[in-house]
Amino acid sequence: MEDSHCTAKFLLFITGIVLPAMVFSVGINYGQIANNLPSPEHVVPLVKSIGATRVKLYDADPKVLKAFASSGVEFIVGLGNEYLSKMTDPANAQAWVKSNVQAYLPATKIISIAVGNEVLTFNDTSLSGCLLPAMQSVHIALVNLKLDNQVTVTTAHSVAVLQTSYPPSSGDFRHDLKGRIAPILDFLSKTCSPFLINAYPFFAYKANPNHVSLDFVLFQPNAGIIDPANNLHYDNMLFAQIDAVYAALDRVGYKKMPVQISETGWPSKGDENEIGASPENARKYNGNLLKIISQKKGTPARPNVDLNIFVFAMFNENLKLGPTSERHYGLFKPDGSPAYGLGFTGVSVSGGNSTGTGTNGPSIYLSPPVNSSSGYLDISSSPDKIVWSSRRRLGMGMMLILMAIAFDI
């Protein structure tokens, strides 16, 4: 099912994109649901201070894309769920790509467009039915504009798309979603695009701390588990989740499809019932994760494949809804100081200027709906769509609880 021409295209695509001064490449999610964030111009040195060479946006904010021009930083820009139905029209898709992607190339290195976020696990058939047509329309627009060799089209999924995740070698997609996932995987394969997954071991620990070893989810020394099917040893949950995704892809015929962890992180503060949310645990999770990335260490099932991970998130975002943890995933506070000790010095910035409303880039026909969150959703709450906290906690959370109970470590 996989296209062999992707290897040659990928090699051409990656040539020269890593900044020579960087020892390793890390990605960071840059969300802006806040009214006190520094200007994008002040964010550029902050991004570089953590060694990040890749940034994932949840929209195509023109101020950000202009600020990072000639910085060498690569971007994944986002197209929010609320725009999917309009993007099924090729004319709309082409207008959006011209205004939000082509207009900033080549000065700003936009390498991918993430169409929608965790759409398949919303259990909204009208929304999920628009996903692939929207992705196809955006790709056609890139082809028409001769940008398809430098910009890919993909979409991010929750780990809740998995039916089985333990042991990792038994990973399999949910049976009720396979009809939707199969054509998306075919599209990704033919267009040489990566499979994006959002993975949060924090939710598994918070939901059932009695069955989940804190050391196991924080990359701390622990006995770990053995996958009985292949005798591979796992000493952290994130790697087990990633390999479960690889196994699921292999099971449906896409063994060679590249996987990117489009979101993972740990909150430095939470409500009383959000067990595990603390500065110390956030420091351990993100600090150990960055150390592993710097070692170019692959997973047990893919030891020779470098991890491709985007940490969530750049800043604490004070306007996010939901539990306290939602507003405390940032590596930095809005003033540019570190949220907790990770060894970063930070960069002093002047007063914030973000309004939290945002736009989806200059456009002749799109404007954000009332109360738009710049085209993207909170991790655990969204008032104007389905109850995101329930979906995240019960959809992904229940899958991770079952996985954790199976580990019983």
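Scroll up to find the structure this text is about.
Visitor: What exactly am I supposed to notice about the overall build of the protein chain here?
Guide: From N to C terminus, the protein chain includes 12 helices and 12 strands. Per-residue burial for the protein chain yields a buried fraction of 59% across its 409 residues. In the protein chain, once contacts between residues fewer than 6 apart in sequence are set aside, the share between residues at least 24 apart is 73%. Just so you have it, the protein chain exposes about 15,600 Å², and 55% of that area is on carbon and sulfur atoms.

Visitor: Sorry if this is basic, but what is going on with helix H10 (residues 237-251) here?
Guide: Residues spaced three or four apart along an α-helix face the same direction, because each turn holds 3.6 residues. End to end, H10 covers 21 Å across 15 residues, agreeing with the expected 21 Å (1.5 Å per residue, within 8%). Taken across its 15 residues, H10 has 13 buried, putting it largely inside the fold. Sitting at the amino-terminal end of H10 is Asn236, which places a side-chain oxygen 3.2 Å from the backbone nitrogen of Leu238. Just downstream of H10 lies Gly253, where phi reads positive at about 95°.

Visitor: Before we go on, may I ask you to explain helix H5 (residues 90-100) in this structure?
Guide: Turning to H5, its buried residues number three or more, namely Ala93, Ala95, Trp96, Val97, Ser99 and Asn100. Tucked into the core, H5 has its buried residues touching helix H3 (62-67), strand S3 (74-79), helix H4 (84-87), strand S4 (109-117) and helix H6 (125-144). In this structure Asp89 caps H5, since a side-chain oxygen of it lies 2.9 Å from the backbone nitrogen of Ala91.

Visitor: Just to check I follow, could you spell out unusual backbone geometry for this structure?
Guide: A negative phi angle is the norm for most residues apart from glycine, just as the trans form is the norm for most peptide bonds. Across the junction of Leu105 and Pro106, the peptide omega takes the value 0°, indicating a cis bond. Relative to the assigned elements, Pro106 resides in the loop between H5 and S4. Along the chain, Tyr166 connects to Pro167 via a cis peptide bond; the corresponding omega equals -10°. Its place among the elements puts Pro167 in the loop between strand S6 (162-164) and strand S7 (172-173). At Cys192, a residue that is not glycine, the phi angle is positive and equals roughly 55°. For Cys192, a relative accessible area of 18% puts it in the buried group. Positive phi, close to 65°, is recorded for Phe219, a residue that is not glycine. One can find Phe219 in the loop between helix H9 (214-217) and strand S9 (225-226).

Visitor: How should the nonpolar core be read in this particular structure?
Guide: In a soluble, globular protein the nonpolar side chains are often hidden away together inside. Phe68, Val97 and Ile113 are the most contacted members of the largest nonpolar core, which has 111 residues in total. With 10 residues, H10 is the single largest residue contributor to this core. Once residues lying within four places of it in the same chain are set aside, the contact partners of Phe68 are Tyr30, Pro40, Val43, Val44, Val47, Val73, Phe75, Ala107 and Thr108.

Visitor: What should I look at first to understand the side chain of Asn316 in this one?
Guide: Mapped onto the secondary structure, Asn316 falls in the loop between strand S12 (309-311) and helix H12 (388-407). Only 3.4 Å separates the side chain of Asn316 from the backbone nitrogen of Tyr329, close enough to count as a polar contact. Sequence-distant contacts of Asn316, defined by excluding residues within four places in its chain, comprise Leu37, Arg327, His328, Tyr329, Gly330, Phe332, Lys333, Pro334 and Ala339.

Visitor: Looking at this model, I keep getting lost on the environment of Val73. Mind explaining?
Guide: Position of Val73 among the secondary structure elements: in the loop between H3 and S3. Take Val73: its relative accessible area is 0%, and that puts it in the buried class. Residues Val73 and Arg54, 19 residues apart in the sequence, show an inter-C-alpha distance of 5.4 Å. In this structure Val73 touches Val47, Lys48, Ala52, Thr53, Arg54, Val55, Phe68 and Lys109, once residues within four positions along its chain are discounted.

Visitor: What is the right way to read the environment of Ala60 from this model?
Guide: Along the polypeptide, Ala60 turns up in the loop between strand S2 (52-56) and H3. Taking the C-alpha atoms as reference points, Ala60 and Ile113, separated by 53 residues in sequence, lie 9.2 Å from one another.

Visitor: Looking at this model, I keep getting lost on the sheet that holds S4. Mind explaining?
Guide: Paired through their backbone hydrogen bonds, the strands of a sheet run either parallel or antiparallel. Strand order in this closed barrel of 8 strands is S1-S2-S3-S4-S5-S8-S11-S12, and the pairing throughout is parallel. Taking each pair of neighbouring strands and ignoring which way they run, the sheet shows an average axis angle of 30°. Lying over the sheet, H10 contacts strand S8 (195-198), strand S11 (259-264) and S12, oriented at roughly 140° with respect to S11. Along the sheet face, helix H11 (residues 279-294) touches strand S1 (26-29), S11 and S12 and points at about 150° away from the line of S12.

So, how was this worked out
- Residues numbered from 1 in each chain as written.
- Predicted model: local features only at pLDDT ≥ 70, side-chain atom pairs only at ≥ 80, totals over all residues.
- Heavy atoms only, no water.
- Helix = DSSP H or I, 4+ residues; strand = E, 2+ residues; numbered from the N terminus.
- Buried < 20%, exposed > 50% of the residue type's maximum accessible area, 1.4 Å probe, protein only.
- Contact = heavy atoms within 4.5 Å.
- Areas by Shrake-Rupley, 256 points an atom, 1.4 Å probe, with all protein chains shown as cover.
- Expected span 1.5 Å × (residues − 1).
- Polar contact = N/O pair within 3.5 Å; in protein donor to acceptor, adjacent residues only side chain to side chain.
- Core = buried A, V, L, I, M, F, W, Y, C linked by side-chain atoms within 4.5 Å.
- Pairing = 2+ DSSP bridges.
- Axes fitted to C-alpha atoms, helices over the stretch in contact; angles between N-to-C directions.

Everything listed here is a matter of geometry and, on its own, says nothing about what the molecule does.
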